[in-house]
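Secondary and tertiary structure notes
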Amino acid sequence: MAVIRVQAEDFDLGREVDAVRAGRTDIGAVVTFTGLVRDMGGGQPVSAMELEHYPGMTEAALSQIAAEAEARWPLQALSVIHRYGALNPGDQIVLVVAASPHRAAAFDAASFVMDYLKTRAPFWKKETTPDGARWVDAREEDDAAEARWRDA
Amino acid sequence: MAVIRVQAEDFDLGREVDAVRAGRTDIGAVVTFTGLVRDMGGGQPVSAMELEHYPGMTEAALSQIAAEAEARWPLQALSVIHRYGALNPGDQIVLVVAASPHRAAAFDAASFVMDYLKTRAPFWKKETTPDGARWVDAREEDDAAEARWRDA
Amino acid sequence: MKVLYFAWMRERIGLPSENVETSAGTVRALVAELAAREERYAAAFADMRAVRVALDQKMSDLDAPLDGVREVAFFPPMTGG
Amino acid sequence: MKVLYFAWMRERIGLPSENVETSAGTVRALVAELAAREERYAAAFADMRAVRVALDQKMSDLDAPLDGVREVAFFPPMTGG
């Protein structure tokens, strides 16, 4: 069963990985993905970000994505933590931790979760720039990134 | 310039990622790979592992692999830390940290470094099993994993 | 039926959610009813290629029936992660 | 010329390294000289498909010339990571 958390608070990468590894010696590979707020977006400086989400559906969508990953690869642990609310450049947004006996499964599962999360988890980013605040547009390359798992 | 370390001592994932992120707000994605000693190998229980390496050549090989990754993807940071000596099941063996503005580059670079490291960095594992100690055989799938980057 | 709006749809309509009395049989019919209400609704639903819909917190589409649905959400394409 | 052995080659030969006086022109000729020395060397070099070679800490092959090379290392395929 995957760990799913949607929270305003920050998270600690080291602590989350320690929790996955604690008391076990059968894991061969741990892959983590951390997404951060960048100080540039759409070619403009970004001074702040607001992350809106759909409480209830967010958790359900992340759980569904995690379950698909667990059905597809031999995972020993999978954690998905996503923040919402007010964030600043350099802040952490999302963490995925995937553990498996083998490295390819851990890499693929973490990458799959991020690609699906981008297009299927109900989060919306609003960036503050010198021209004011604007909602971030969805990117076509995110649809393409998701599609490659369906063709595979 | 990549961070390359070959050491007997353990490393701290959280601290290494903090060092990469410190003082900057331009990173969008950090991918980490941690390789761990498994309690099973070749279908047998493993109670201990000895990791031998070729001092001098090891650092050169890892630096070369890191330079290839940096030439291939827009990386903002790349760290490769590999341990040698006596290890136990559950212990950390290797850490790769890749940071980039975009997630695909961070995932690909970390995966590339691991695939090349497996076949090109002079490390040899000896596992202790109930039948005694034995050198781990190189795996054909590691050659295949490396080859896919040459075809790409 | 509870109707929710997120991101710029929420801002354009000026509400995060509202209760809607409707006999619309499909999402498409509900959208037509809402868009006919006022300019701010018409603006929010002007480009349906940029609107996504979830029924009871599951992604759905314009032709989905509304029978038994308690919660309809409209929002732009997601941009999390 | 310094010759190094790693992993099971080191164990089979019983030495991590040694200085070798040789006029061998290639790695292949050096291997033939070493293998002819004693049974433990012959055993270590019995299956050359399982032996890798580095010249001055760079991966090389059996046909590489030894002119100017200071350090030759023999070892099995790598198993790090």
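What this report covers is the structure whose coordinates are included nearby. Remember, predicted model here, so these are calculated numbers, not experimental data.

The subject of this paragraph is the pattern of salt bridges. Counted by the stated rule, this structure contains 38 salt bridges over all chains. The closest approach of N and O atoms between Arg103 of chain A and Asp142 of chain B, which form a salt bridge, is 3.0 Å. Taken together, the residues Arg103 of chain A in helix 3 (residues 103-120) and Asp142 of chain B in helix 4 (residues 140-151) connect one chain to another. Residue Arg103 of chain A is classed as buried on the basis of its relative accessible area of 11%. The residue Arg139 of chain A makes a salt bridge to Asp142 of chain A at a minimum N-O spacing of 3.6 Å. Relative accessible area serves as the criterion here: at 33%, Arg139 of chain A is assigned to the partly exposed category.

Next up on the list: the packing of aromatic side chains. One pass over the structure, following the stated rule, counts 26 aromatic pairs over all chains. Look at Phe112 of chain B and Trp149 of chain B: their rings are 5.6 Å apart centre to centre, the planes differ by 80 degrees, and that puts the pair in the edge-to-face class. Here the residue Phe112 of chain B occupies a position in helix 3 (residues 103-120), and Trp149 of chain B occupies one in helix 4, the gap between them amounting to 37 residues. Residue classification places Phe112 of chain B among the buried positions, given a relative accessible area of 1%. Through a chain of ring-to-ring contacts, the aromatic side chains of Tyr54 and Trp124 of chain A together with Phe6 and Phe75 of chain C assemble into a single cluster. Over the ring of Tyr41 of chain C we find Arg37 of chain C; its NZ or CZ atom is 5.0 Å from the centre of that ring.

Think of a sheet as strands paired side by side through backbone hydrogen bonds, with each pair either parallel or antiparallel. The strand order across the open sheet built from eight strands is 1(A)-6(A)-8(A)-2(A)-2(B)-8(B)-6(B)-1(B), with neighbouring strands paired in mixed fashion. Looking along the sheet, the strands with just one partner apiece sit at the ends: strand 1 (3-7) of chain A together with strand 1 (3-7) of chain B. Within this sheet the neighbouring strands show an average axis-to-axis angle of 10 degrees, counted without direction. Bridge analysis of strand 2 (residues 29-36) of chain B against strand 8 (residues 92-100) of chain B gives eight bridges, and the strand direction is antiparallel. Bridge assignment links Gly35 of chain B to a residue of strand 8 of chain B, and that residue is Val94 of chain B.

Chain B puts 36 residues into the contact, and the matching count from chain A is 36 residues. It is Arg38, Arg103 and Phe107 of chain B in chain B that bury the most area against chain A; as a group they hold 25% of the surface buried on that side. On the surface where chain B and chain A come into contact, there are four salt bridges. Here chain B is connected to chain A by 15 residue pairs in polar contact (both at pLDDT 80 or more). Listing elements by their share of the side of chain B that touches chain A, those giving two or more residues are helix 1 (13-21), strand 2, helix 3 and helix 4 of chain B. Ranked by the residues each element gives to the side of chain B that touches chain A, the list is headed by strand 2 of chain B, at eight residues. Across seven bridges, strand 2 (residues 29-36) of chain A lies against strand 2 of chain B in antiparallel orientation.

The next point concerns helix 4 (residues 140-151) of chain A. For an α-helix, 3.6 residues make a turn, and residues three or four places apart therefore share a direction. The first and last C-alpha atoms of helix 4 of chain A sit 17 Å apart over twelve residues, in line with the 16 Å expected at 1.5 Å per residue. The set of residues buried in helix 4 of chain A consists of Asp142, Ala145, Glu146 and Trp149 of chain A. Summarising the axial view, the buried residues of helix 4 of chain A lie within an arc of 90 degrees, below the 170-degree limit, and thus occupy one face. Pointing more than 90 degrees away from the buried face of helix 4 of chain A are the exposed residues Glu140, Glu141, Arg150 and Asp151 of chain A. On its buried face, helix 4 of chain A sits against helix 2 (57-72) and helix 3 of chain A together with helix 3 of chain B.

In this section: the relation of the copies chain B and chain A. The two copies are related by a screw operation: chain B maps onto chain A through 180 degrees of rotation and 0.0 Å of translation along the axis, at an RMSD of 0.0 Å. Such a combination of turn and shift is consistent with a two-fold rotation axis. Within chain B, Gly14 of chain B has its C-alpha nearest the rotation axis, a separation of 2.1 Å. When the interface residues of chain B are mapped onto chain A, 100% of them again fall at the interface, so both copies present the same face.

A word on the arrangement of the chains. Contacts are most numerous between chains A and B, considering all three pairs of chains that are in contact. Chain C makes no contact with chain D; the smallest distance between any of their C-alpha atoms is 29 Å.

Here we come to the packing of helix 3 of chain B against helix 4 of chain B. Residues and elements named next belong to chain B. At a closest axis distance of 9 Å, the pairing of helix 3 and helix 4 adopts a crossing angle of 130 degrees. Relative to helix 4, the element helix 3 is oriented oblique. You can see that helix 3 and helix 4 cross each other, and the crossing is left-handed. Along its contact with helix 3, which presents Asp108, Ser111, Phe112, Asp115, Tyr116, Lys118, Thr119 and Arg120, the element helix 4 presents Asp142, Asp143, Ala145, Glu146, Arg148, Trp149 and Arg150.

Looking now at the interface of chain D and chain B. Across the contact, 20 residues belong to chain D and 24 residues belong to chain B. Between chain D and chain B, the buried area comes to about 1,700 Å², and carbon and sulfur atoms account for 59% of it. When the area that chain D buries against chain B is broken down by residue, the three leading residues are Met78, Thr79 and Gly81 of chain D, summing to 41%. Where chain D packs against chain B, one counts two salt bridges. In this structure, the salt-bridge partner of Glu52 of chain B is Arg10 of chain D, at a minimum N-O distance of 2.5 Å.

Calculation notes
Residues numbered from 1 in each chain as written. Chains lettered and ligands numbered in written order. Predicted model: local features only at pLDDT ≥ 70, side-chain atom pairs only at ≥ 80, totals over all residues. Heavy atoms only, no water. Salt bridge = Lys/Arg side-chain N within 4 Å of Asp/Glu carboxyl O. Helix = DSSP H or I, 4+ residues; strand = E, 2+ residues; numbered from the N terminus. Buried < 20%, exposed > 50% of the residue type's maximum accessible area, 1.4 Å probe, protein only. Phe/Tyr/Trp six-rings, centres within 6.5 Å; stacked < 30°, edge-to-face > 60°. Lys NZ or Arg CZ within 6 Å of the ring centre and 35° of its normal. Pairing = 2+ DSSP bridges. Axes fitted to C-alpha atoms, helices over the stretch in contact; angles between N-to-C directions. Contact = heavy atoms within 4.5 Å. Buried area = accessible area lost by both parts, 1.4 Å probe. Polar contact = N/O pair within 3.5 Å; in protein donor to acceptor, adjacent residues only side chain to side chain. Expected span 1.5 Å × (residues − 1). Arc of directions from axis to C-beta. Least-squares fit on C-alpha atoms with pLDDT ≥ 70 in both. Parallel < 35°, antiparallel > 145°, perpendicular 65-115°, else oblique. Left-handed = near helix turned anticlockwise from the far one by under 90°.

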